[in-house]
Amino acid sequence: MLKYTQLSDPELYHLVREELERQEHNIEMIASESTESEEVLELSGCVFANKTTEGYPGARFQAGSQVADKMERLGIQRAKDVFGADHVNLQPYSGSTANYGVYAAVLKPGDTVLGMKLDHGGHLTHGSPSNFTSKFYNFVSYGLNGDTALIDYEELERLAREHRPKLVIAGGSAYPRLIDYERVARAAHFVGGLSMVDMAHVAGLVAAKVIPSPIPHADFVTSSTTKTFCGPRGGMVLCKARHARALDRGVFPGAISSIHLNIMAAKAWCLKNAATPLFKATMEQVVKNAASLAKELTKHGFRVVSGGTDNHIVLLDLRSKKITGKLFQDALEYVGVTINKNMIPNDPEKPSVTSGVRIGTTSVSQRGMKEPEMTDIAGIMNRVAAAPEDKDNLNGCKAEALKMTARFPLYPRGSLD
Ligand SMILES: Cc1ncc(COP(=O)(O)O)c(C=O)c1O
């Protein structure tokens, strides 16, 4: 690993090694994380990184783009095949940039957009007051039903009729349930607007056909290529044929400049990999593991927001355990289980403290962990929650977590040694 850097910059080399060791010996359960394959790591650092190109295959602004053209076309074709999309743009630098590309394609400053509230599970780029999008566009937010913690579709429809948004966004960062994409699209179209689904979190599950796809319903579907998609730090947008020209202009020159071709190559590899039986089996296990973890945690007296999960996310309300998200996150970090504090709907705590945590099962499933390990992890979480400041308790849990990671190597092919 990093054979040249090891010689020219040992200090940096050792930091990378240290991070590899951290990941190897931790149970990584941050819902937006997954483990990039050796191929994704290789391609992310390949010589396509040397090439500057802008524009689209066959219509570039720089010479020498013939091979880049072939690679981008290959990736696009693979994405169309995997997702069944009419049109694909693989250029966005991230999930956020993918969203900005759609906004640039279809919105004018001041246009109204309907999106899910951040503290109900939406995303910063869906018009959070702290994101620049809220200054350019008039964002109106819908939330979750207070009893069920499911999207309040009636409220969404009412707000759509009242505000007549140009764009209605579904999808978020901490929503553990399936979304009725058809109903959201209908609400948008009823008032002459467009629908966009941000499937950043669930793209891998959609690609593997483990959960329903938004593609038949939404005008635009945006995504990051990390998270359940298990790819490089990038983004993509899929859309209906009638929006193809607008989307491509929105992404370039609307939102980005030169393409990260090395990352695009890694995306293209993932788009082939997403069609394999192994990827499908992994994604099936991701969902089974999340359901199993939610069930086990419930047995231990945790309150699972919305009563369970349909995807890779388990959102816990910790108030029944009388601890905050921050305390639980920090205690679990000490133990070697990495999760993040997260706002729960109508959270009385501030975002830096929170009453909840968000847990994801992608990385552990990639490592080969299954339902028995989810039972063990739920047990560790329960013991940590019972005495989060008791060092003896935490050290006992830490030893158990370490034993688990030793049984499930992060890179079983050993090629990063
Ligand atoms: C729903 C949603 N959209 C967009 C993003 C942004 O993705 P990225 O971090 O790739 O910019 C995220 C990730 O945090 C997300 O959860």
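For clarity, every value in this text was computed on a predicted model and none was experimentally measured.

## Overview of the overall build of the protein chain
Moving on, step 1. Counting its regular elements, the protein chain contains 16 helices and 15 strands.
Moving on, step 2. Here the C-alpha radius of gyration of the protein chain, 22 Å, is about what a compact globule of 417 residues would show, namely 22 Å.
Moving on, step 3. Each principal axis of the C-alpha atoms in the protein chain carries an extent, and together these give about 65 × 60 × 35 Å.
Moving on, step 4. The burial tally for the protein chain puts 57% of its 417 residues in the buried class.
Moving on, step 5. A fraction of 72% describes how many contacts in the protein chain between residues 6 or more apart in sequence connect residues 24 or more apart.
Moving on, step 6. Summed over its atoms, the accessible surface of the protein chain is roughly 17,700 Å², and 54% of this surface lies on carbon and sulfur atoms.
Moving on, step 7. Here the protein chain contributes 48 positively and 46 negatively charged side chains, and the mean placements of these two sets differ by 4 Å.

## Quick look at the site of the ligand
Moving on, step 1. In the vicinity of the ligand, the residues found are S94, G95, S96, H123, G172, S173, D198, A200, H201, S224 and K227.
Moving on, step 2. With respect to the ligand, the side chain of S96 contributes an N or O atom lying 2.7 Å from an oxygen atom.
Moving on, step 3. Within the side chain of H123, a nitrogen or oxygen atom sits 3.2 Å from an oxygen atom of the ligand.
Moving on, step 4. Taken together, the residues that form the shell around the ligand break down as one nonpolar, eight polar and two charged.

## Section: the sheet that holds strand 9 (residues 220-224)
Moving on, step 1. If you trace the seven strands from one edge of the open sheet to the other, you get 4-10-9-8-7-5-6, paired in mixed fashion. The sheet is open, and its two edges are formed by strand 4 (87-89) and strand 6 (138-142), each paired on a single side. Within the sheet, the average angular offset between the axes of one strand and its neighbour, ignoring direction, is 20°.
Moving on, step 2. Relative to strand 6, strand 5 (residues 112-116) is paired through five bridges, and the arrangement is parallel. Looking at strand 6, one finds that L114 is bridged to V140.
Moving on, step 3. On top of the sheet, helix 8 (residues 181-190) reaches strand 7 (167-170) and strand 8 (194-198); it is set at about 145° to strand 8, its chief contact.

## Focus: helix 5 (residues 95-106)
Moving on, step 1. For helix 5, spanning 12 residues, the distance from its first C-alpha to its last is 17 Å, which sits close to the expected 16 Å at 1.5 Å a residue.
Moving on, step 2. Looking only at helix 5, the buried set comprises G95, T97, A98, N99, G101, V102, Y103 and V106.
Moving on, step 3. With a side-chain oxygen lying 3.2 Å from the backbone nitrogen of S96, the N-terminal cap of helix 5 falls on S94.

## Some details on the packing of helix 15 (residues 371-386) against helix 16 (residues 391-407)
Angle between the axes and distance between the axes: these two values describe a pair of packed helices.
Moving on, step 1. Where helix 15 meets helix 16, the closest approach of the two axes is 10 Å, and the angle between their N-to-C directions is 160°. As judged from the angle between their axes, helix 15 and helix 16 are roughly antiparallel. Between helix 15 and helix 16 lies a crossing whose hand is left-handed. Along its contact with helix 15, which presents E373, D376, I377, I380, R383 and V384, the element helix 16 presents N393, L394, G396, C397, E400, A401, M404 and R407.

## Focus on the packing of helix 4 (residues 66-83) against helix 11 (residues 261-273)
Moving on, step 1. The interhelical angle for the contact between helix 4 and helix 11, taken along N-to-C directions, is 35°, at an axis separation of 9 Å. Crossing angle aside, the handedness with which helix 4 passes helix 11 is left-handed. On the side of helix 4, the interface is formed by A68, M71, E72, G75, R78, A79, V82 and F83, while helix 11 contributes L261, M264, A265, A268, W269, L271 and K272.
Moving on, step 2. Counted by class, the contact of helix 4 with helix 11 contains 11 nonpolar, one polar and three charged residues.

## Side note on the domain arrangement of the protein chain
Moving on, step 1. Partitioning the protein chain into structural domains gives domain 1 (41-273) and domain 2 (277-407).
Moving on, step 2. The gap between the C-alpha centroids of domain 1 and domain 2 is 28 Å.
Moving on, step 3. Each side of the interface is counted separately: domain 1 has 26 residues, and domain 2 has 24 residues.
Moving on, step 4. Interface area for domain 1 against domain 2, summed over the two sides, is near 2,100 Å², with a carbon-plus-sulfur share of 62%.
Moving on, step 5. Of all residues in domain 1, D119, P176 and R177 bury the most surface against domain 2, accounting for 27% of the area lost on that side.
Moving on, step 6. Here domain 1 is connected to domain 2 by one salt bridge.
Moving on, step 7. R177 serves as the salt-bridge partner of D310, at 3.0 Å between the closest nitrogen and oxygen.

## Some thoughts on the sheet that holds strand 12 (residues 313-317)
Sheet strands line up and pair through hydrogen bonds in the backbone, either parallel or antiparallel.
Moving on, step 1. Within the open sheet, the four strands sit side by side as 11-12-15-14. Their pairing is antiparallel. In this open sheet, the two edge strands, each paired with only one partner strand, are strand 11 (303-304) and strand 14 (340-342).
Moving on, step 2. With respect to the sheet, helix 12 (residues 277-299) is in contact with strand 11, strand 12 and strand 15 (356-360), its orientation differing from that of strand 12 by roughly 20°.
Moving on, step 3. Seen against the sheet, helix 13 (residues 325-335) touches strand 12, strand 14 and strand 15 and runs at an angle of roughly 170° to strand 14.

## Quick look at the nonpolar core
Moving on, step 1. Counting 56 residues, the largest nonpolar core has F83, I151, M199, F229 and L238 as the members making the most contacts within it.
Moving on, step 2. When residues no more than four places from it in sequence are discounted, the contact partners of F83 are M199, A203, V206, A207, I215, F229, M236, L238 and L271.
Moving on, step 3. Judged by nonpolar contacts, the second largest core, of 34 residues, contains A331, V335, V364 and M404.

The rules we used
- Residues numbered from 1 in each chain as written.
- Predicted model: local features only at pLDDT ≥ 70, side-chain atom pairs only at ≥ 80, totals over all residues.
- Heavy atoms only, no water.
- Helix = DSSP H or I, 4+ residues; strand = E, 2+ residues; numbered from the N terminus.
- Rg over C-alpha atoms; globule rule 2.2 N^0.38 Å.
- Buried < 20%, exposed > 50% of the residue type's maximum accessible area, 1.4 Å probe, protein only.
- Contact = heavy atoms within 4.5 Å.
- Areas by Shrake-Rupley, 256 points an atom, 1.4 Å probe, with all protein chains shown as cover.
- Lys, Arg positive; Asp, Glu negative; His and termini not counted.
- Charge placed at Lys NZ, Arg CZ, Asp CG, Glu CD.
- Near = heavy atom within 4 Å.
- Polar contact = N/O pair within 3.5 Å; in protein donor to acceptor, adjacent residues only side chain to side chain.
- Nonpolar A, V, L, I, M, F, W, Y, C, P; charged D, E, K, R; others polar.
- Pairing = 2+ DSSP bridges.
- Axes fitted to C-alpha atoms, helices over the stretch in contact; angles between N-to-C directions.
- Expected span 1.5 Å × (residues − 1).
- Parallel < 35°, antiparallel > 145°, perpendicular 65-115°, else oblique.
- Left-handed = near helix turned anticlockwise from the far one by under 90°.
- Domains from an automatic or database assignment.
- Buried area = accessible area lost by both parts, 1.4 Å probe.
- Salt bridge = Lys/Arg side-chain N within 4 Å of Asp/Glu carboxyl O.
- Core = buried A, V, L, I, M, F, W, Y, C linked by side-chain atoms within 4.5 Å.

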